[in-house]
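Each chain is listed here by its residues.
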Amino acid sequence: MSETAVQTEWVSAPAMALRASDSAPVGGAKGLARLKAVDRKQLMLRPVDVEQLIEEDHPARAIWAFTGRMDWSRFLASIQAVEGVAGREAWDPRLLASLWIYAYSRGIGSAREVARRCGYDPGFQWLTGLQEVNYHTLADFRVSYQSELDELFAQALGLLSAEGLITLERVMHDGTKIKACAGADSFRREERIRAHLEAARGQVAAMGDPRAEPSARQRAARQRAQRERTQRLEQALEELEKIREVKAGSEAKAQARVSQSDPESRVMKQGDGGFAPSYNAQISTDAAHGLIVGAGVTQCGSDYGELVGSVERVEQSTGQKLKQVVVDGGFTSRESVVAMDEKGIEMIGSMAEHNEQSAGQLQRRGVTEAFYPQAFAYDAQQDVYRCPAGTLLRHDGQEKAAGIVHHLYRAPAATCAACPFKSQCCPQNESKGRRITRAVEAPVVEAFKAKMQTEAAKAIYRLRGAVAEFPNAWLKAKIGLRQFRVRGLEKVSMELLWACLTYNIQQWIRLSWRTQLQAAVV
Ligand code: SF4
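Residues numbered from 1 in each chain as written. Predicted model: local features only at pLDDT ≥ 70, side-chain atom pairs only at ≥ 80, totals over all residues. Heavy atoms only, no water.

Within the protein, the secondary structure is distributed over 18 helices and 15 strands. For 522 residues, the compact-globule estimate of 2.2 N^0.38 gives 24 Å, and the protein exceeds it by more than 25% at 32 Å. Each principal axis of the C-alpha distribution contributes one length, and for the protein these read about 115 × 70 × 70 Å. Per-residue burial for the protein yields a buried fraction of 42% across its 522 residues. The long-range fraction of contacts in the protein, counting pairs at least 24 apart against all pairs at least 6 apart in sequence, stands at 68%. For the protein, the exposed area adds up to about 27900 Å²; of that, 50% sits on carbon and sulfur atoms. (Helix = DSSP H or I, 4+ residues; strand = E, 2+ residues; numbered from the N terminus. Rg over C-alpha atoms; globule rule 2.2 N^0.38 Å. Buried < 20%, exposed > 50% of the residue type's maximum accessible area, 1.4 Å probe, protein only. Contact = heavy atoms within 4.5 Å. Areas by Shrake-Rupley, 256 points an atom, 1.4 Å probe, with all protein chains shown as cover.)

Here it is as structure tokens:
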């Protein structure tokens, strides 16, 4: 495919010309006006200079230039068509990737729309050299090369790092919910899924009757659709079991439902407070120039346990260690503080104060305010608590968790049973005395909390929103990734990576390519 080839195309008459009725003679003071006639019943052979289709600084050229620096050997390895052997040539993976990156940069996520644009949109036409690409080819390419795409993303980070656009000095991480390609009404309980599965299997078994199908092509398409539906329903039953595993109580397990359209999606709370079948996209952004250095998708609606995996993903993609990571309260736990400390990464975050029992919990247990834990005096020398009635609560064991040890103290059961304040202090304790817990946080957690009280740490934390939330908003607003266009965890992970690759190349165009282009012109 030559980038400088001049090609010809048949075109119809200009769309902006006058309508035929407009060209009829019109009377006036000097007689009938003579107007140009429009002939739409003609074909024109017009030369097209492919290079002139788009300007020098058109983003399609930048995308093509960026992808030209990448190594495509892993994609090429799977191509069957080789030199010297008969058969149709394969599409260049660099071209297909460039088409998707350009499409996403324009908010287009539909393979059919990309194929359509190849017929008339100058940016797409320049990329393809006026060739048309089948939408099946585009759709398959987007979701068929997971490990190759991971490596491609890592390559892009390497190129950006080589230009000094990524430093990993400070990475800001955040999660955002992206709706699945499934409706809220696609959720069903086990009985309905089994009924639908039985019906789908019956339809698959009945297929193949030529009298029922108008053509072989339509028959093949219908058979493929039915097979995919059957597989989705079988997968729905497997996912239902996973959902049940995390549900507490037999009633909740029995009522568990799963989406028939995208069984791997989960109902998650959205930013607007509503609930929808979604995936949780985890995105890490390098603070130096706002480039995305890590992206992944989880089925968990909470960000609580996602930090360690996200950091490891960045380190794997870049081959470098992070120096500092900044996260919001959703990620900041004692576990994550300890884990980051063990990895040698400084963590900036917002941790809620340790609260053993909230006032609400105490009230629900019938404890009055005069007997809240604060009313119990701790004697560090003797390691005992003294209750408002003067009874000593002695050490009664400990419970360890990441970054914290809970020391338990208990009053003698007989003393509490005979105490006149029992109805205000521990009314629900039938057989045991009142218990108080003293939490001792690990030194690393204490140090983290002390650091977060400093102005320097607070100033870094204040930058988090603008850096970490910008890519999330950009992916949704510019790329239109409010909802995935593909189904299943593996495929949505790939779509997210395409979107993040597009985001990074767009930022590279802004930060580097335009400047390089201007310098070359001067
Ligand atoms: S119930 Fe037990 S712990 Fe509570 S005030 Fe009475 S003696 Fe003290």
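Given 3.6 residues per turn, any residue in an α-helix points the same way as the ones three and four places further on. Within helix α6 (residues 135-143), the full set of buried residues consists of Leu-138, Phe-141, Arg-142 and Val-143. Those residues of α6 that are buried are in contact with α2 (73-76), α3 (93-105), α4 (111-117) and α18 (489-521). Measuring from the side-chain oxygen of the N-cap residue of α6 to the backbone nitrogen of His-136 gives 2.6 Å; that N-cap residue is Asn-134. (Polar contact = N/O pair within 3.5 Å; in protein donor to acceptor, adjacent residues only side chain to side chain.)

A few words on the site of the ligand. As a matter of local geometry, the ligand sits amid Phe-371, Cys-387, Ala-389, Thr-391, Cys-416, Cys-419, Cys-425, Cys-426 and Arg-434. Looking at the shell around the ligand residue by residue, the class counts come to 7 nonpolar, 1 polar and 1 charged. (Near = heavy atom within 4 Å. Nonpolar A, V, L, I, M, F, W, Y, C, P; charged D, E, K, R; others polar.)

In this section: the confidence of the model for the protein. Taken residue by residue, the protein gives an average pLDDT of 89. The fraction at 70 or more is 92%. Under a pLDDT of 50 for its full length, residues 13-23 has, in the predicted model, 14 contacts with residues more than four places off or in other chains. (pLDDT = per-residue confidence, 0-100.)

A separate point is the sheet that holds strand β14 (residues 404-410). The 5 strands are arranged β11-β12-β13-β14-β15 in an open sheet whose pairing can be described as antiparallel. Strands with a single pairing partner mark the edges of an open sheet, and in this sheet they are β11 (377-379) and β15 (435-441). Recorded for the sheet is a direction-independent mean angle of 35 degrees between the axes of neighbouring strands. The pairing of strand β12 (residues 384-386) with strand β13 (residues 392-401) spans 3 bridges and is antiparallel. In the strand pairing of β13, Arg-386 is matched with Leu-392. (Pairing = 2+ DSSP bridges. Axes fitted to C-alpha atoms, helices over the stretch in contact; angles between N-to-C directions.)

What the rule picks out here adds up to 15 aromatic pairs. Centre to centre, the rings of Phe-75 and Tyr-145 are 5.1 Å apart; their planes meet at 45 degrees, and the pair counts as tilted. Taken together, the residues Phe-75 in helix α2 and Tyr-145 in the loop between α6 and α7 (146-162) connect sequence positions 70 residues apart. Consider the rings of Tyr-385 and Tyr-409, whose centres lie 5.0 Å apart with planes at 75 degrees: the pair is edge-to-face. Placement of Tyr-385 in strand β12 and of Tyr-409 in strand β14 is noted, with a sequence separation of 24 residues between them. (Phe/Tyr/Trp six-rings, centres within 6.5 Å; stacked < 30°, edge-to-face > 60°.)

Here we come to the environment of Arg-94. By the secondary structure assignment, Arg-94 is in helix α3. Here the alpha-carbon distance between Arg-94 and Phe-75, two residues 19 residues apart in the chain, equals 8.8 Å. Aside from chain neighbours lying at most four places away, what touches Arg-94 is Trp-64, Thr-67, Gly-68 and Trp-72. Polar side-chain contacts of Arg-94 include one of 2.7 Å to the backbone oxygen of Trp-64.

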